[in-house]
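So the chains spell out like this:
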Amino acid sequence: MGSGWSSEEERQPLLGPGHGPVAGGAWRSREAAAVLPEAVRGPGPVYGRRWLVLLLFSLLGFAQGLVWNTWGPIQNSARQAYGFSSWDIALLVLWGPIGFLPCFAFMWLLDKRGLRVTVLLTSFLMVLGTGLRCIPVSDLMLKRRLIHGGQLLNGLAGPTVMNAAPFLSTTWFSADERATATAIASMLSYLGGACAFLVGPLVVPAPNGTSPLLTSESSRAHIKDLIETVLYAEFGVVCLLFSATLAYFPPRPPLPPSVAAASQRLSYRRSFCRLLSNLRFLMIALAYAIPLGVFAGWSGVLDLILTPVHVSQVDAGWIGFWSIVGGCVVGIAIARFADFIRGMLKLILLLLFSGATLSSTWFTLTCLNSITHLPLTTVTLYTSCILLGVFLNSSVPIFFELFVETVYPVPEGITCGVVTFLSNIFMGVLLFFLTFYHTELSWFNWCLPGSCLLSLLLILCFRESYDRLYLDVVVSV
């Protein structure tokens, strides 16, 4: 399928099996081959089209996050319109981490076929998934199955949009722009999930006790029509992005922008051996996977968590929206700072997780106001959730850059694929338990400060290194 979408040159693997800068053909075009020795001695050119490539990839991640989080913010309305149970709502969120099960196949495809083929396959899966949810059927049981199938297909797009950001930034951006590009590409997926908190509750009314007329059959049909409007709109956005990607998404620039981009990486098999035998990588991978997995699962059912403290669906949507938006904005700003002040990734993570531990503890104790007597107000809930989202979400691009630096020359996609796979395992396990213990959610809140504190200790014991940065800064001089 990919052979029809790209030229023979584009289908050459970016990361060849050789060990020298030319062996294996990391940059196979004649123009690149002619100047590769010079590129290894100094930084290469950057191209203005890199921002268009970054924009297309980021918007694709935005759409994937938006589709994934469609149902959590409107779970009460979905129950009313389609007869979803608590198990259905949790499973609709759970399809995201389930979609990461074949993530290593996507990383192999990224390594062997390049960025263009992998992104096109990802966007095509999203088109199929969002289209499946829009098939008009009157049978509610069949409709629910179609929706579940669509969410699964969208979940299969997750490995690429979540893992390929460092690969894209290394391929297209210079060393002093990599962290910023990684932050933009990875944060837009979270921003899409945040916009679901905004779009869903604002478009779809909540069948709560303040609107008794919504329990009538006509009102139930009205809610269903509005939900389907959201589904059709998301399908249209995904189709537009697929068309744009099909029209223009080159796999790599004509010349590598940095020494690291021109250098060879380890083979697929040797990369896994290197990752699994590197204790420092395993330590920092757990520091990322545990709290981010817990937070992702917690965010997906935030409406369900806040219902016992009498927070409306709209307020829960706004809290989720601003917590993730704040993290995206701060994450990009911190990544830009990290591009200017290099070699401080560990210190940045220590500061972020100190704040995450404090804010998550504050939120958990606030929800237990009957015991702690802390004020339970909209202001305190907004503030604690937003701070938690800022500290945790903004750490994602910093983690990604530190992963790549720690295990270089392991390919970026494989490195990030392993850690996001672990994160989704933790997320999936929590959501699985949630389906059986959804009537009592206080334990879920305590998972947040516990995971943040554990991560803080792991980061504190971690010994950082910057192998890729050394190659770009020292070798290029």
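Residues numbered from 1 in each chain as written. Predicted model: local features only at pLDDT ≥ 70, side-chain atom pairs only at ≥ 80, totals over all residues. Heavy atoms only, no water.

- In the annotation of an unreviewed UniProt entry, the entry for the protein reads Solute carrier family 49 member 4, and the organism field reads Erinaceus europaeus.
- Comment text from UniProt for the protein, heading Sequence similarities (unreviewed entry), reads "Belongs to the major facilitator superfamily."
- Within the UniProt record for the protein, the comment given under Function (unreviewed entry) is "Mediates H(+)-dependent pyridoxine transport." (UniProt positions renumbered as here; feature names shortened; annotations may be inferred.)

### Points about the environment of Ile 223
- You can see Ile 223 is positioned in helix α11 (residues 217-247).
- The sequence separation of Ile 223 and Gln 80 amounts to 143 residues, and the corresponding C-alpha distance is 8.0 Å.
- When near neighbours in sequence (up to four residues on either side) are disregarded, Ile 223 contacts Ser 77, Gln 80, Ala 81, Val 204, Pro 205 and Pro 207. (Helix = DSSP H or I, 4+ residues; strand = E, 2+ residues; numbered from the N terminus. Contact = heavy atoms within 4.5 Å.)

### Quick word on the side chain of Asn 163
- The topology assignment puts Asn 163 in helix α8 (residues 158-163).
- At 2.9 Å, the side chain of Asn 163 forms a polar contact with the backbone oxygen of Pro 159.
- At 2.3 Å, the side chain of Asn 163 forms a polar contact with the side chain of Thr 420.
- Those residues in contact with Asn 163 that sit more than four places away from it in its chain are Phe 100, Cys 103, Met 107, Glu 412, Gly 413, Cys 416, Gly 417 and Thr 420. (Polar contact = N/O pair within 3.5 Å; in protein donor to acceptor, adjacent residues only side chain to side chain.)

### Quick notes on the packing of helix α17 (residues 345-367) against helix α20 (residues 396-407)
- Their axes nearest at 10 Å, the elements α17 and α20 cross at an angle of 145°. Seen along the crossing, α17 lies across α20 with a hand that is left-handed. Contacts between α17 and α20 involve Leu 345, Ile 348, Leu 349 and Phe 353 from the first element and Ile 398, Phe 399, Glu 401 and Leu 402 from the second.
- Partitioned by chemical class, the residues of the contact of α17 with α20 number 7 nonpolar, no polar and 1 charged. (Axes fitted to C-alpha atoms, helices over the stretch in contact; angles between N-to-C directions. Left-handed = near helix turned anticlockwise from the far one by under 90°. Nonpolar A, V, L, I, M, F, W, Y, C, P; charged D, E, K, R; others polar.)

### A word on the packing of aromatic side chains
- Counted according to the given criterion, the structure contains 16 aromatic pairs.
- Their ring planes at 75° and their centres at 5.1 Å tell us that Tyr 268 and Phe 272 sit as a pair that is edge-to-face. Linking Tyr 268 with Phe 272, this pair stays in helix α13 (residues 268-276), spanning 4 residues, or about one helical turn.
- Relative to Trp 322, the ring of Phe 321 has its centre 4.9 Å away and its plane inclined at 75°; by these criteria the two rings are edge-to-face.
- The exposure class of Phe 321 is buried, given its relative accessible area of 10%.
- Here Trp 322 falls in the partly exposed class, since its relative accessible area comes to 39%.
- Members of the aromatic cluster, connected to one another through ring pairs, are Phe 281, Tyr 288, Phe 353, Phe 399, Phe 400 and Phe 403. (Phe/Tyr/Trp six-rings, centres within 6.5 Å; stacked < 30°, edge-to-face > 60°. Buried < 20%, exposed > 50% of the residue type's maximum accessible area, 1.4 Å probe, protein only.)

### Section: the nonpolar core
- Counting 105 residues, the largest nonpolar core has Leu 115, Leu 168, Tyr 190, Tyr 288, Trp 298 and Phe 399 as its most contacted members.
- Each residue touching Leu 115, except ones within four places of it in the same chain, is listed here: Leu 110, Ala 164, Phe 167, Leu 168, Trp 172, Phe 249 and Pro 251.
- Core analysis: the next-biggest nonpolar cluster, separate from the first, contains 19 residues, Ile 74, Tyr 82, Leu 94 and Ile 227 among them. (Core = buried A, V, L, I, M, F, W, Y, C linked by side-chain atoms within 4.5 Å.)

### Some thoughts on empty space enclosed by the protein
- Enumeration over the complete set of coordinates arrives at 5 cavities of 30 Å³ or more.
- If you add up the space inside the largest cavity, you get close to 400 Å³.
- Around the largest cavity sit 24 residues that line it, and Trp 68, Met 162, Tyr 190, Ala 296 and Met 427 are the ones nearest its centre.
- Broken down by secondary-structure element, the contributors of at least two residues to the lining of the largest cavity are α2 (50-68), α4 (86-98), α8, α10 (178-203), α14 (279-300) and α21 (412-436).
- Grouping the amino acids of the lining of the largest cavity by side-chain chemistry returns 11 nonpolar, 13 polar and no charged.
- Its volume calculated, the second largest cavity comes out at about 160 Å³.
- Looking at the second largest cavity, it is lined by 15 residues, and the ones nearest its centre are Ala 338, Asp 339, Arg 342, Glu 401 and Glu 405.
- Among the elements of the structure, α10, α16 (313-340), α20 and α23 (467-475) are those that each provide at least two residues to the lining of the second largest cavity. (1 Å grid on protein atoms, 1.4 Å probe; cavity = no way out; pocket = protein on both sides within 12 Å on 5 of 7 lines; lining within 4 Å. Points joined across faces, edges and corners; volume = space filled by probe spheres on them.)

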